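Understanding the architecture of this molecule
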Amino acid sequence: RFDFDIEDAGYYNETSDRIPVKRDGLWKYMNSKGEFLSGEFEIAGSFYNQEAVAFTGEKWVLLDEKGTQTELNQFEDIKLDLYGCHIQNDVVIAKEKGKYHFYDKEFKQLGDFEADDIDLCINGSLVAFEKDGKWGFVDTDGKVVVAPQYKRAKSFANGYAAVCNEAGLWGFINDEYELVIDYTYIDAMYFNSKETCLVSTTENTVQLLRFVFE
C-alpha cells in the first residue's frame, strides 16, 4: 500500500486515523493515506479520544490529531498500557518529582498516593506498585490493598496476579490474595479471560498455559 518500509508499528485507532510507526530508529505518526505528522519521538503512544502522548527524548508532550504539541514538562515518565494508550481505565499513571502518582485525564493528580515504581492498570483491577524495594497492590483511588511484601509483582488481570518470591520465581495469587499457583516460573505475565497466561520455565522460552482451578 505504501512505497516505504517501517521497522515497527503501534496500534491504530479508526476514530483518529493515526498510527505510530518507527522509521530510522525514531517514531512518527502516520494516517491511512501514508501522510505523516511533523515531529519524531523516542516513544510514541497510541491515539485515544483524538489525543496521544509521546516522548521527544527530552520531554513528554500531548499531541492532537493535527500534530499540535502541548508540553508535559512536569512528568519524567508516563506509563502506556498494553495497547500504547496513556489513559488506563480513566486514570493516567505518571512520574513526577521522582515518584509515580495517579492523575485524571486532564493530568491533575488524584490523591496523595505515591510509589517508587508501578505497573500497568489491567482491566480496572488492582495495580502492582513498588515502595522501599518491595511490591504490593493499590486500587486506582490510591488505597493500598496489599502492603508491599513481594520481590516483584504484576498487576491483577481477570482475577489473578503474578508475584515473585525472594528466589526470583513467579507464582500467582487470586483476588483473595492467596497463593494459588506455586512459585515455579522464571517469568510470568497477565491472565486473560480464559484462564490462560504466558509464562517462562526456561530462559528465552515462553509458553501459553491454561490453568484449571478447583
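Residues numbered from 1 in each chain as written. Predicted model: local features only at pLDDT ≥ 70, side-chain atom pairs only at ≥ 80, totals over all residues. Heavy atoms only, no water.

1. Focus on the overall build of the protein
Scanning the protein from terminus to terminus reveals zero helices and 21 strands. The C-alpha radius of gyration computed for the protein amounts to 19 Å, which stays within 12% of the reference 17 Å derived for 214 residues, consistent with globular compactness. The contacts of the protein with a sequence gap of at least 6 include a subset with a gap of at least 24, amounting to 26%. Surface exposure of the protein reaches about 11,600 Å², of which carbon and sulfur atoms provide 44%. The averaged location of the 40 negative side-chain charges in the protein is 2 Å from the averaged location of its 22 positive side-chain charges. (Helix = DSSP H or I, 4+ residues; strand = E, 2+ residues; numbered from the N terminus. Rg over C-alpha atoms; globule rule 2.2 N^0.38 Å. Contact = heavy atoms within 4.5 Å. Areas by Shrake-Rupley, 256 points an atom, 1.4 Å probe, with all protein chains shown as cover. Lys, Arg positive; Asp, Glu negative; His and termini not counted. Charge placed at Lys NZ, Arg CZ, Asp CG, Glu CD.)

2. Observations regarding the packing of aromatic side chains
All told, the structure shown has 18 aromatic pairs when counted by the stated rule. Centre to centre, the rings of Phe75 and Tyr103 are 4.9 Å apart; their planes meet at 80 degrees, and the pair counts as edge-to-face. Here Phe75, found in the loop between strand 7 (69–71) and strand 8 (77–78), pairs with Tyr103, found in strand 10 (residues 99–103); they are 28 residues apart in sequence, far enough to count as distant. As far as the burial class goes, Phe75 and Tyr103 line up, both buried. Pairing Tyr160 with Phe191 gives two aromatic rings, centres 4.8 Å apart and planes at 35 degrees, and the pair type is tilted. Of this pair, Tyr160 sits in strand 16 (residues 160–164) while Phe191 sits in the loop between strand 19 (187–188) and strand 20 (196–200); the two residues are 31 residues apart in sequence, bridging distant segments of the chain. For the residue pair Tyr160 and Phe191, the accessibility class agrees, reading buried in each case. Following the ring pairs from residue to residue traces out a cluster consisting of Tyr160, Phe172, Tyr185, Phe191 and Phe211. Between the NZ or CZ atom of Arg152 and the centre of the ring of Trp135, over which it lies, the distance is 5.3 Å. (Phe/Tyr/Trp six-rings, centres within 6.5 Å; stacked < 30°, edge-to-face > 60°. Buried < 20%, exposed > 50% of the residue type's maximum accessible area, 1.4 Å probe, protein only. Lys NZ or Arg CZ within 6 Å of the ring centre and 35° of its normal.)

3. Let's talk about a negative patch on the surface
A cluster of acidic residues, Glu7, Asp8, Asp24 and Glu40, forms a negative patch at the surface. When you line up the elements, Asp24 lands in the loop between strand 2 (19–23) and strand 3 (26–30). Among the residues examined, Asp24 registers a relative accessible area of 74% and is labelled exposed. (Patch = residues over 30% accessible without salt bridge, like charges linked within 9 Å, V, L, I, M, F, W, Y side chains within 5 Å. Salt bridge = Lys/Arg side-chain N within 4 Å of Asp/Glu carboxyl O.)

4. Section: the nonpolar core
Among the nonpolar cores identified, the biggest contains 14 residues, and Val53, Leu72, Phe75, Ile78, Val92 and Phe107 are the most heavily contacted of them. Mapped by element, the contributors of at least two residues to this core are strand 5 (51–55), strand 6 (60–64) and strand 9 (92–96). Contacts of Val53, omitting those with residues within four sequence positions, involve Tyr29, Ala44, Gly45, Trp60, Val61, Leu62, Leu63, Leu72, Ile78, Leu80, His86 and Phe107. If you look at the next biggest cluster of nonpolar residues, it comprises 12 residues, including Phe172, Phe191, Val199 and Phe211. (Core = buried A, V, L, I, M, F, W, Y, C linked by side-chain atoms within 4.5 Å.)

5. Some points on the side chain of Glu130
One can find Glu130 in strand 12 (residues 127–131). One buried charged side chain, Glu130, makes no salt bridge at all; its nearest oppositely charged neighbour is Arg152, positioned 6.7 Å away. Once residues within four sequence positions are removed from consideration, Glu130 is found in contact with Ala115, Asp116, Asp117 and Trp135.

6. Describing the layout of surface pockets
One number sums up the size of the largest pocket: a volume of about 330 Å³. Lining the largest pocket are 19 residues, with Leu82, Tyr83, Ile122, Asn123 and Tyr190 positioned closest to its centre. Looking at the lining of the largest pocket element by element, the count peaks at three residues for strand 20. (1 Å grid on protein atoms, 1.4 Å probe; cavity = no way out; pocket = protein on both sides within 12 Å on 5 of 7 lines; lining within 4 Å. Points joined across faces, edges and corners; volume = space filled by probe spheres on them.)

7. Section: a nonpolar patch on the surface
A cluster of nonpolar side chains, contributed by Met189, Leu198, Val206 and Leu208, occupies part of the molecular surface with about 370 Å² of accessible area. The topology assignment puts Leu208 in strand 21 (residues 207–210). Leu208 sits in the exposed class, given a relative accessible area of 60%.

Distances and angles like these do not, on their own, reveal function.
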